[in-house]
Amino acid sequence: MSAKYLVTGASGQLGALAIDALLARVPASEVAGLVRRPEAAAPLEAKGVDVRVASYTDPEALKAAFAGIERLLLVSSSEVGQRAAQHQNVIDAAGAAGVGFVAYTSILNAKGSPLTILPGEHVATEDALAASGLDYALLRNGWYTENYTMGAKDAVKGGGLIGTIGEGRVSSAARADYAEAAAIVLTGDLPTSGTVYELAGDDSYSLPEFAAALSELSGKTLGFTDMTPEAYKDALTGFGLPEAVAAMLADSEAGAAKGGLYSDDKTLSDLLGRPTTPWRETLKAAL
Ligand SMILES: NC(=O)c1ccc[n+]([C@@H]2O[C@H](COP(=O)([O-])OP(=O)(O)OC[C@H]3O[C@@H](n4cnc5c(N)ncnc54)[C@H](OP(=O)(O)O)[C@@H]3O)[C@@H](O)[C@H]2O)c1
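Please read all numbers here as calculations on a predicted model, not as lab measurements.

Colleague: Mind laying out the packing of helix α10 (residues 229–238) against helix α11 (residues 243–257), listing which residues take part and the relevant values?
Modeller: In the contact formed by α10 and α11, the axes pass within 9 Å of each other and the chain directions differ by 145 degrees. Here the hand of the crossing between α10 and α11 comes out right-handed. Counted together, Pro229, Tyr232, Lys233, Leu236 and Thr237 of α10 and Glu243, Ala246, Ala247, Leu249, Ala250, Glu253 and Ala254 of α11 form the full contact between these two elements. Residue composition of the contact of α10 with α11, by class: 8 nonpolar, 1 polar and 3 charged.

Colleague: Any details on the sheet that holds strand β4 (residues 71–74)? Residues and values, ideally.
Modeller: Each strand in a sheet pairs with its neighbour through backbone hydrogen bonds, running either in the same direction (parallel) or in the opposite one (antiparallel). Taken together, 7 strands build an open sheet; the order of strands is β3-β2-β1-β4-β5-β6-β8 and the sheet is parallel. Strands at the two margins of the open sheet, each flanked by one partner only, are β3 (50–53) and β8 (195–199). Going across the sheet, the axis of each strand differs from the next one's by a mean of 20 degrees, ignoring polarity. Where strand β1 (residues 5–7) and β4 come together, 3 bridges link them in parallel fashion. Following the sheet pairing, tyrosine 5 is matched in β4 by arginine 71. Taken strand by strand, helix α5 (residues 119–132) contacts β5 (101–107) and β6 (135–141), and its axis lies near 160 degrees from that of β5.

Colleague: Outline the UniProt feature "domain: NAD(P)-binding" (unreviewed entry) in the chain, listing residues and values.
Modeller: Feature annotation in UniProt assigns "domain: NAD(P)-binding" (unreviewed entry) to the following positions: residues 9–183. Helix makes up 41% of residues 9–183 and strand 18%, and the two end C-alpha atoms of the span are 14 Å apart.

Colleague: Explain the site of the ligand residue by residue, including any values.
Modeller: Neighbouring the ligand are 22 residues; Ser11, Leu14, Arg37, Ser76 and Asn147 lie closest to it. Between the ligand and serine 77 there is a distance of 2.8 Å, counted from an oxygen atom to a backbone nitrogen or oxygen. In isolation the ligand exposes 900 Å². Once the protein is present, 83% of that is buried. Looking at the shell around the ligand, the elements with two or more residues in it are α1 (13–23) and α4 (83–97). Each residue belonging to the shell around the ligand can be placed in one class, and the counts come to 6 nonpolar, 11 polar and 5 charged.

Colleague: Account for the nonpolar core, with residues named and values stated.
Modeller: If you look at the biggest cluster of nonpolar residues, it comprises 37 residues, and the most contacted ones within it are Leu73 and Leu139. When contributions to this core are tallied by element, the ones reaching two or more residues are β1, α1, β2 (31–35), β5, β6, α8 (175–187), β8 and α12 (267–272). When residues in this core are grouped by element, the largest group, 8 residues, is from α8. Leave out the neighbours within four places in its chain, and leucine 73 touches Leu6, Val7, Thr8, Ala18, Ala103, Thr105, Leu139, Ala182 and Leu186. By size, the runner-up hydrophobic cluster in this structure holds 25 residues, among which are Ile107, Ala211, Phe224 and Leu261.

Colleague: Go over α10, please, and point to the residues and values.
Modeller: Looking at α10, one finds that the buried residues are Tyr232, Ala235 and Leu236. Down the axis of α10, the buried side of the element spans an arc of 100 degrees, and every buried residue falls inside it. Counted as exposed and oriented over 90 degrees from the buried face of α10: Glu230 and Gly238. The secondary structure elements touched by the buried residues of α10 are β7 (160–163) and α11. Looking one or two residues beyond α10, the residue adopting positive phi is glycine 240, at roughly 105 degrees.

Colleague: Requested: an account of helix α9 (residues 207–218), with residues and values cited.
Modeller: In a regular helix each residue adds 1.5 Å, so 12 residues correspond to 16 Å; α9 covers 16 Å between its end C-alpha atoms and thus fits that length. Restricting attention to buried positions, one finds in α9 the residues Leu207, Phe210, Ala211, Ala213, Leu214 and Ser215. In this fold, the buried residues of α9 make contact with α6 (146–149), α7 (152–158), β7, β9 (223–226), α11 and α13 (279–286). Two residues or fewer after α9 comes glycine 219, characterised by a positive phi angle close to 75 degrees.

Each value, and the rule that gives it
- Residues numbered from 1 in each chain as written.
- Predicted model: local features only at pLDDT ≥ 70, side-chain atom pairs only at ≥ 80, totals over all residues.
- Heavy atoms only, no water.
- Axes fitted to C-alpha atoms, helices over the stretch in contact; angles between N-to-C directions.
- Helix = DSSP H or I, 4+ residues; strand = E, 2+ residues; numbered from the N terminus.
- Left-handed = near helix turned anticlockwise from the far one by under 90°.
- Contact = heavy atoms within 4.5 Å.
- Nonpolar A, V, L, I, M, F, W, Y, C, P; charged D, E, K, R; others polar.
- Pairing = 2+ DSSP bridges.
- UniProt positions renumbered as here; feature names shortened; annotations may be inferred.
- Near = heavy atom within 4 Å.
- Polar contact = N/O pair within 3.5 Å; in protein donor to acceptor, adjacent residues only side chain to side chain.
- Areas by Shrake-Rupley, 256 points an atom, 1.4 Å probe, with all protein chains shown as cover.
- Core = buried A, V, L, I, M, F, W, Y, C linked by side-chain atoms within 4.5 Å.
- Buried < 20%, exposed > 50% of the residue type's maximum accessible area, 1.4 Å probe, protein only.
- Arc of directions from axis to C-beta.
- Expected span 1.5 Å × (residues − 1).

Structure follows, in structure tokens:
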């Protein structure tokens with residue numbers, strides 16, 4: 001049997017988890033993963049996944065990679081600034097290859113978000129899907145809890161957290177929650193084309209609350225220092241982050257201060273049929 005489902009970004013963190021969630025639901029012979037680096041194929045092939053190789057920048061290779069695929073999960077590219085054109089290539093190739101359905105990982109509240117940097121390319125991709133004639137669904141993923149927990153050990157070493165989010169609340173969920181939801185949408189009865197899933201964690205937290213939880217878990221008293229977006233961006237570049245990444249993170253937190261990463265939508269846990277992974281649990285695991 002040839003592969004029916006394909007996940008792009010299969011070498012990445014969300015893509016790999018989506019592949020695992022698919023493998024829990026359908027036979028490996030029905031699952032394909034797209035990678036751009038041939039050397040990324042081995043761990044997927046070891047799971048019985050059909051690995052296809054193409055970059056989002058290579059329309060012909062993408063079309064060949066999508067041959068025979070019925071349902072495709074387009075995991076948004078990590079190359080911020082290039083993404084609208086890359087995703088357009090994927091959508092065009094999916095159409096040319098006869099793919100029947102595309103689910104795209106967008107951003108929470110893409111069309112009304114107070115974040116000013118990240119949503120633009122997602123909106124362009126959502127619009128490209130709407131114009132493509134393909135059947136599609138939008139998985140508007142909220143923040144990954146891991147965005148904050150991956151820095152937890154350093155925050156403990158450094159004595160605290162910094163940011164520009166004020167009292168803004170973050171309704172994050174674990175990457176694995178979003179990955180499982182994507183697999184559920186991909187393998188289930190197809191939704192009406194254009195269905196939008198606003199996906200967020202069941203619980204929310206402010207960064208002072210996150211610092212308090214980190215203090216409790218680490219046994220070290222840690223605070224949260226709120227800065228202006230400019231000062232936070234400068235602090236991040238001071239830690240060695242590239243200017244564009246620092247600007248994007250500062251903009252995202254400034255947007256979160258206005259509610260951009262908060263949602264009380266329970267679509268994610270409804271899809272999963274269970275509560276989303278509590279952020280404290282993800283934090284504990286990260287430590
Ligand atoms: N919701 C959130 O909080 C959040 C946070 C971070 C990112 N994101 C978005 O969600 C996506 C998935 O998250 P993640 O954590 O899995 O990111 P990730 O681990 O960085 O994975 C990104 C994937 O995109 C692939 N990719 C990048 N450029 C490509 C190209 N030109 N052609 C083909 N593949 C390409 C990467 O391939 P390589 O392995 O070859 O690099 C990798 O497989 C990200 O790419 C980003 O758009 C969301």
